[in-house]
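# Results of the structural survey
So the chains spell out like this:
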Amino acid sequence: MTQDMTYARYLALDQLLAAQQPLSDRHDELLFIVIHQTKELWLKEIIHEVLLARRLIAEGDVEPAYKALARVSRIQTVMTLSWDVLATMTPADYLSFRGELGSSSGFQSHQFRTLEYLLGLKDQSFLKFHAEGSDALAQLQAALEAPSLYDVAIAQLSKAGLAVPDAVLNRDFAQTYAPSPEVEAAWLEVYRDTQRYWELYQLAEKLVDLDDALVTWRHKHVLTVERIIGGRPGTGGTDGVGYLASTLRRRAFPELWSLRTKL
């Protein structure tokens, strides 16, 4: 049947282009929907790549993971640029259809929370936004309970002969990762002898690329939301800009940032 395959059929364009269903007659609502649906598609691909990278690193196949991580960083750049498109929407444009959103909120994006969990930013409070038995909750719980991308990277430090405490290697992966002086010291050894630990050094820098891009995305998100709704509460009763600004301090790979002061 591949002989009869068409561009539209292969990409399921009938379903894809029918998935935008504005609830108002306001011109800008379509843009709002397209931006957020596109974000979810990119998140699907990012999760796909991060899962591959995590598996490769856990197996000790570190260098092939670079490609997947580099691809994620580039996707993150595209996602950040998309805020500039959304920022063409004025406050009046948005407020003209905002009521149609009801209690829906980006807080409810299970894919974004899955990505955070995969990177090691684990906060179980986000599970409550998803129904028991749903695919979304199952995906989130799987990511919550499994070792994160950072956990498997730290395990490679130990396998390379660097000192990593058993309490870190065998921790409860569903809990938020707590920075460790010993893990920082191990990464410091990597950065002080890059020739010896070249694969781990390159891995560390790829991870910093991801963290950097995530914070950049969050920062642009804050600016865009502030530009459009100012200090108003977010949909779904969230704190809006105040909450988003607080996330700028989060780092998925904390020791890879703190070690720089000690080099």
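Residues numbered from 1 in each chain as written. Predicted model: local features only at pLDDT ≥ 70, side-chain atom pairs only at ≥ 80, totals over all residues. Heavy atoms only, no water.

The full count for this structure, using the stated rule, is 10 aromatic pairs. A network of ring pairs unites the aromatic residues Phe32, Tyr94 and Phe97 as a single cluster. Directly above the ring of phenylalanine 126 sits arginine 113, whose terminal nitrogen or CZ lies 3.6 Å from the centroid. Above the ring of tyrosine 66, the side-chain terminus of lysine 206 is found at 5.2 Å from the ring centroid. (Phe/Tyr/Trp six-rings, centres within 6.5 Å; stacked < 30°, edge-to-face > 60°. Lys NZ or Arg CZ within 6 Å of the ring centre and 35° of its normal.)

Here we come to the side chain of glutamate 116. Within the secondary structure, glutamate 116 sits in helix H6 (residues 110-119). Among all residues touching glutamate 116, those that are not within four sequence positions of it are Leu121, Phe126, Arg218 and Arg250. (Helix = DSSP H or I, 4+ residues; strand = E, 2+ residues; numbered from the N terminus. Contact = heavy atoms within 4.5 Å.)

Following the criterion strictly, the structure yields one cavity of 30 Å³ or more and no others. Of the voids in this model, the largest cavity is the one considered here, and its volume is about 60 Å³. Every residue along the wall of the largest cavity is listed here: Leu43, Ile46, Gln76, Met79, Phe112, Leu115, Leu214 and Trp217. Taken together, the elements giving at least two residues each to the lining of the largest cavity come down to helix H3 (29-58), helix H4 (62-86), H6 and helix H11 (198-229). Counted by class, the lining of the largest cavity contains seven nonpolar, one polar and no charged residues. (1 Å grid on protein atoms, 1.4 Å probe; cavity = no way out; pocket = protein on both sides within 12 Å on 5 of 7 lines; lining within 4 Å. Points joined across faces, edges and corners; volume = space filled by probe spheres on them. Nonpolar A, V, L, I, M, F, W, Y, C, P; charged D, E, K, R; others polar.)

Moving on: the pattern of salt bridges. Counted under the stated rule, the structure contains 10 salt bridges. Between arginine 71 and glutamate 49 there is a salt bridge, with its nearest N and O atoms 2.9 Å apart. Placement of arginine 71 in helix H4 and of glutamate 49 in helix H3 is noted, with a sequence separation of 22 residues between them. On the basis of relative accessibility, which here comes to 36%, the residue arginine 71 falls in the partly exposed class. Exposure remark for glutamate 49: the relative accessible area of 4% places this residue in the buried category. In this structure, a network of salt bridges that share partners links the residues Arg113, Glu116, Arg218 and Arg250. (Salt bridge = Lys/Arg side-chain N within 4 Å of Asp/Glu carboxyl O. Buried < 20%, exposed > 50% of the residue type's maximum accessible area, 1.4 Å probe, protein only.)

As a further point, take the nonpolar core. With 73 residues, the main nonpolar core has Leu149, Tyr150, Trp187, Leu203, Leu207, Phe253 and Leu256 as its most contacted residues. Contributing elements (two or more residues each) for this core: H3, H4, H6, helix H7 (135-145), helix H8 (149-159), helix H10 (181-192), H11 and helix H12 (241-246). Residue contributions to this core peak at 12 residues, all from H11. Those residues in contact with tyrosine 150 that lie beyond four places of it in its chain are Leu119, Tyr177, Val183, Trp187, Leu207, Ala252, Phe253, Pro254, Glu255 and Leu256. (Core = buried A, V, L, I, M, F, W, Y, C linked by side-chain atoms within 4.5 Å.)

This part takes up the packing of H6 against H11. One can describe the packing of H6 onto H11 by two numbers: an axis separation of 12 Å at closest approach and a directional angle of 145°. The chirality of how H6 crosses H11 is left-handed. Contacts from Phe112, Glu116 and Leu119 of H6 reach H11 at Leu210, Leu214, Trp217 and Arg218. When its residues are assigned to classes, the contact of H6 with H11 shows five nonpolar, no polar and two charged. (Axes fitted to C-alpha atoms, helices over the stretch in contact; angles between N-to-C directions. Left-handed = near helix turned anticlockwise from the far one by under 90°.)

This part is about a nonpolar patch on the surface. Nonpolar side chains collect at one region of the surface, where Met5, Tyr7, Tyr10 and Leu11 lie side by side and expose about 500 Å² of accessible area between them. Within the secondary structure layout, methionine 5 lies in the segment before helix H1 (7-10). (Patch = residues over 30% accessible without salt bridge, like charges linked within 9 Å, V, L, I, M, F, W, Y side chains within 5 Å. Areas by Shrake-Rupley, 256 points an atom, 1.4 Å probe, with all protein chains shown as cover.)

Time to look at the layout of surface pockets. As a volume, the second largest pocket reaches approximately 340 Å³. In terms of lining residues, the second largest pocket is bounded by Leu16, Leu17, Ala19, Gln20, Val34, Gln37, Thr38, Glu40 and Leu41. Of all the secondary-structure elements, those providing two or more residues to the lining of the second largest pocket are helix H2 (13-17) and H3. Ranked by residues supplied to the lining of the second largest pocket, first place goes to H3 with five residues. Each residue belonging to the lining of the second largest pocket can be placed in one class, and the counts come to five nonpolar, three polar and one charged.

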